[in-house]
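# Fold and geometry: a report
Given next are the chains, with one letter for each unit.
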Amino acid sequence: MPEAHGPMTQTRALPLRAAPSPLWWRWLLVAAVVIALDLATKAMIVARFQEGESLPVTGFMSLVLAYNTGAAFSFLAGATGWQRWLFAGIAVVASAVLVYLIRRGGSRMLLLGLALILGGALGNLWDRVVLGHVTDFLLFHYRGWSWPAFNVADSAITVGAGLLILDSFRKPAADPAR
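Residues numbered from 1 in each chain as written. Predicted model: local features only at pLDDT ≥ 70, side-chain atom pairs only at ≥ 80, totals over all residues. Heavy atoms only, no water.

## Section: the environment of Met61
Our working definition: Strands are runs of DSSP state E lasting at least 2 residues, helices are runs of H or I lasting at least 4, and numbering of each runs from the N terminus. Accessibility here uses a 1.4 Å probe with only protein chains present; expressed as a share of the type maximum, an area under 20% marks a residue as buried, one over 50% as exposed, and anything in between as partly exposed.
Residue position: Met61 is located in strand S2 (residues 61-68). Using a relative accessible area of 17% as the deciding quantity, one classes Met61 as buried.

## What to know about the pairing of strand S3 (residues 134-142)
Note the following rule: At least two DSSP bridges between two strands are required for those strands to pair.
By the criterion of burial, S3 is predominantly enclosed, with 7 of the 9 residues buried. As paired elements, S2 and S3 share 6 bridges and run antiparallel to each other. Directly across from Asn68, in S3, lies its bridge partner Val134. When S3 meets strand S4 (residues 145-146), the two strands line up antiparallel, connected through 2 bridges. For His141, the partnering residue across the bridge sits in S4 and is Ser146. Connecting S3 to the antiparallel partner S4 that follows it, the hairpin turn spans 2 residues, and Arg143 within it adopts a positive phi of roughly 55°.

## Comments concerning a nonpolar patch on the surface
To be explicit about the condition: The patches described consist of residues with a relative accessible area above 30% and no salt bridge, like charges being joined within 9 Å and nonpolar side chains (Val, Leu, Ile, Met, Phe, Trp, Tyr) within 5 Å. The accessible surface values rely on the Shrake-Rupley method and a 1.4 Å probe; as for residues, cover is taken only from the protein chains in view. A pairing counts as a salt bridge when a side-chain nitrogen of Lys or Arg comes within 4 Å of a carboxyl oxygen of Asp or Glu.
Together, Trp85, Trp126, Val129, Val130 and Leu131 make up an exposed nonpolar region whose accessible area comes to about 510 Å². Ranked by residues supplied to the nonpolar patch, first place goes to helix H3 (residues 108-131) with 4 residues. Here Val129 shows up in helix H3.

Printed below as a string of structure tokens:
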């Protein structure tokens, strides 16, 4: 029987389930640090401010105490309460997907982005489930314009999303962050 040559003879089956990346759990420590910073800063603000109170820090930034029952930019904040559990459910599902992606491995930038998003999602999930609202306290403003108040968890989610976008433009390289 003649020996076959060519690309078809070199194929191999891919495993249905890839093994977790070694040391994947260290990225969960990054998420835990985000959660700890988020909850600690929120507790400090709640202990020192009344709702709606504001303390100017610079000409463009103030510390405030604001409660948000909605999502980003107070989306659905005026709803009757069902949104609390909708957003909590979304956060739980998103967190499970993020842990799965972290276990798969990838570049350091990708994994750091995923870990920051995970920490932010879980920090805000804690508020939503335990308190019924998310505590926001950072307010940036200029003249008559202001950005909606936010917190450490929101900041981590935003930075993490930015890292994912940057990572998507990178060429695959030997980056053994796993």
